[in-house]
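What follows is each chain in one-letter form.
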Amino acid sequence: MSDQQPAVTVRAIQPGDYQQWLPLWLAYQDFYQVTLSEEISRTTFERFLDAQEPMYSAVAVQGDVVIGFVNLVLHRSTWAVSDFCYLEDLYVAPSIRGSGAGKLLIEWVQAQARERRCGRLYWHTQESNERAQRLYDWVAYKPGVIEYRMEL
């Protein structure tokens, strides 16, 4: 018997993934110290499956276990004719981090953006999320943008 773990693969999210996706989604919220309602979580998941929505998701799977996810949103821009691709959420279970799963998820988004001929692929992260930044610095570049928010 081998101690070797099954390879990590990435695929588009499927309706049957909800039960494994939800705990990861909740852990992601905990990391960012936010709590989204059950309605928001359910609606978000349903949007991933709706062909009319410009939101997509993929899961990283090891064997039959969902170990991570990535969510993207396509949107118009005043800076391009084609849509921009925003990688909105990326999460990999702590026990599997460093396995390459995060890079595979980002590459899935990159392939989607290329397929759709997007003018840009971009994302944000917290300044304190140094571990993720090591990955991001490896696969992308920082354009020097600072984000501001205003309460609504």
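Residues numbered from 1 in each chain as written. Predicted model: local features only at pLDDT ≥ 70, side-chain atom pairs only at ≥ 80, totals over all residues. Heavy atoms only, no water.

Draft legend 1. View of the UniProt feature "domain: N-acetyltransferase" (unreviewed entry) in the protein. Those places that UniProt annotates as "domain: N-acetyltransferase" (unreviewed entry) correspond, in this numbering, to residues 8-152. What you have in residues 8-152 is 35% helix and 25% strand, and the ends, taken at the C-alpha atoms, are 40 Å apart. (UniProt positions renumbered as here; feature names shortened; annotations may be inferred. Helix = DSSP H or I, 4+ residues; strand = E, 2+ residues; numbered from the N terminus.)

Draft legend 2. Spotlight on the environment of valine 34. With respect to the helices and strands, valine 34 occurs in the loop between helix H1 (18-31) and helix H2 (38-49). Look at valine 34 and you get partly exposed, because its relative accessible area is 39%. (Buried < 20%, exposed > 50% of the residue type's maximum accessible area, 1.4 Å probe, protein only.)

Draft legend 3. Highlighting the pattern of salt bridges. The final tally for this structure, using the stated rule, is 5 salt bridges. Glutamate 147 serves as the salt-bridge partner of arginine 149, at 2.5 Å between the closest nitrogen and oxygen. Residue classification places glutamate 147 among the partly exposed positions, given a relative accessible area of 38%. (Salt bridge = Lys/Arg side-chain N within 4 Å of Asp/Glu carboxyl O.)

Draft legend 4. Local environment of the environment of arginine 114. Its location among the elements puts arginine 114 in helix H3 (residues 101-115). Overall, the relative accessible area of 60% leaves arginine 114 in the exposed class. Spatially, the C-alpha atom of arginine 114 lies 9.5 Å from that of cysteine 85, the residues being 29 residues apart in sequence.

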